[in-house]
Amino acid sequence: MSASGSHLSWDSCLRGFQQFSQGVSLTAAKEQGQLVFLEGLKSCFDVLFGEEQHVGQPNPLQFISEDGSNLKTMYEFVRTSLMASGSDSWKCPVLLVDDLSVLLSLGVRPVAVLDFIHYCRVAVCSQLKGNIVVLVHSNDDSEDEENELVVNSLCHQSNLILWAEGLATGFCKDVHGQLKIIQKGSSELKAERNLLRIYQYKIQDKNVTFFARGMSAAVL
């Protein structure tokens, strides 16, 4: 982040900051003002158990105590986090949302989730020329229609899709799953096809190893 001068806004709905900090200098980035981290689980407790809110600073997850139809406070947190400095140093910001499916589990309506992403795209992608990375969960036999609606809508809007899944053949100690990378063709060039690449991966203690199919250590 420091090399390009870009900044990162990270909304984590489920996991805490320390779970992401292992092996990565996120703490240093946060101290230097390059990272804004919203710890969703802590914010949920603050809303549900009545922690006192600072005047003029509503809890970004205030919607939990309401009907789940308005994510305005969460969007305002994103917008102000990326635009607060008003300086030229905020170049090409990145918004990470982990995990959007959790919002549906909290009772947020799919339309509200998609509206939230739409306004974030306007602020981050259109106005600040940045990028948005969103994590969602899905599977082929899912009966959760609301979740699938959000997943399909995001896939339609995205330029790049990373689809991680387990092996169809079952468990293997040297290959834990495969990653499909779908690069969308240009919308202006209708004849341009999507580019699909497939890699396999193995999860290790502090990193993940990727390799072409059939090129795992067990095979070689």
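Here the structure is a predicted model, which is why all the values come from computation and not from measurement. (Residues numbered from 1 in each chain as written. Predicted model: local features only at pLDDT ≥ 70, side-chain atom pairs only at ≥ 80, totals over all residues. Heavy atoms only, no water.)

Participant: Describe in detail the overall build of the chain, supporting the description with residues and values.
Facilitator: For the chain, the helix and strand inventory stands at seven helices and eight strands. Just so you have it, the chain exposes about 13,900 Å², and 52% of that area is on carbon and sulfur atoms. (Helix = DSSP H or I, 4+ residues; strand = E, 2+ residues; numbered from the N terminus. Areas by Shrake-Rupley, 256 points an atom, 1.4 Å probe, with all protein chains shown as cover.)

Participant: With reference to specific residues and values, describe the sheet that holds strand β7 (residues 195–203).
Facilitator: Sheet architecture is open: four strands sit in the order β5-β6-β7-β8, paired in antiparallel fashion. Each edge of the open sheet carries a strand with a single partner, namely β5 (160–165) and β8 (208–212). Between one strand axis and the next, the sheet turns through 30 degrees on average, direction left out of account. Where β5 lies against strand β6 (residues 177–183), six bridges are found, and the strand directions are antiparallel. Bridge pairing links Leu160 to Gln183 in β6. (Pairing = 2+ DSSP bridges. Axes fitted to C-alpha atoms, helices over the stretch in contact; angles between N-to-C directions.)

Participant: I'd like a description of the pattern of salt bridges, backed by residues and values.
Facilitator: For the structure on display, the rule yields three salt bridges. Residue Glu76 pairs with Arg79 through a salt bridge whose shortest N-O separation is 2.8 Å. A residue pair is termed a helical-turn pair when its members lie 3 or 4 positions apart in one helix, as Glu76 and Arg79 do in helix α4 (residues 72–83) at three residues. Given a relative accessible area of 27%, Glu76 falls into the partly exposed group. Its relative accessible area of 30% is what places Arg79 among the partly exposed residues. A salt bridge links Lys202 to Asp174, with the shortest nitrogen-to-oxygen separation between them at 3.8 Å. One end of the pair, Lys202, is in strand β7; the other, Asp174, is in the loop between β5 and β6, and 28 residues separate them in sequence. Classification of Lys202 as partly exposed rests on a relative accessible area of 25%. (Salt bridge = Lys/Arg side-chain N within 4 Å of Asp/Glu carboxyl O. Buried < 20%, exposed > 50% of the residue type's maximum accessible area, 1.4 Å probe, protein only.)

Participant: I'd like a rundown of the packing of α4 against helix α6 (residues 110–127), residues and numbers included.
Facilitator: Remark: α4 packs on α6, axes separated minimally by 10 Å, with the N-to-C direction vectors making an angle of 10 degrees. Judged on the interaxial angle alone, α6 and α4 are roughly parallel. Mapping the contact onto sequence places Met74, Tyr75, Val78, Leu82 and Met83 in α4 and Phe116, Tyr119, Cys120, Ala123, Val124 and Gln127 in α6. Taken together, the residues of the contact of α4 with α6 sort by class into 10 nonpolar, one polar and no charged. (Parallel < 35°, antiparallel > 145°, perpendicular 65-115°, else oblique. Contact = heavy atoms within 4.5 Å. Nonpolar A, V, L, I, M, F, W, Y, C, P; charged D, E, K, R; others polar.)

Participant: Summarise unusual backbone geometry; cite the residues concerned and give the values.
Facilitator: The phi angle of most residues is negative, glycine excepted, and most peptide bonds adopt the trans form. Backbone torsion omega between Asp98 and Asp99 reads 20 degrees, so that peptide bond is classified as cis. Take Asp99: it is sitting in the loop between β3 (94–98) and α5 (100–105). At Lys129, a position not held by glycine, the phi torsion is positive, near 55 degrees.

Participant: Quick one: what's the story with the packing of aromatic side chains, residue by residue and with numbers?
Facilitator: Within the structure shown, the criterion is met by two aromatic pairs. Plain terms: the ring middles of Tyr75 and Tyr119 are 5.9 Å apart, the flat faces sit at 50 degrees to each other, and that makes the pair tilted. Of this pair, Tyr75 sits in helix α4 while Tyr119 sits in helix α6, and the two are 44 residues apart along the sequence. Relative to Phe210, the ring of Tyr201 lies with its centre 6.1 Å away and its plane at 55 degrees, an arrangement referred to as tilted. Residue classification places Phe210 among the partly exposed positions, given a relative accessible area of 46%. (Phe/Tyr/Trp six-rings, centres within 6.5 Å; stacked < 30°, edge-to-face > 60°.)

Treat this as a map of the structure, not an account of what it does.
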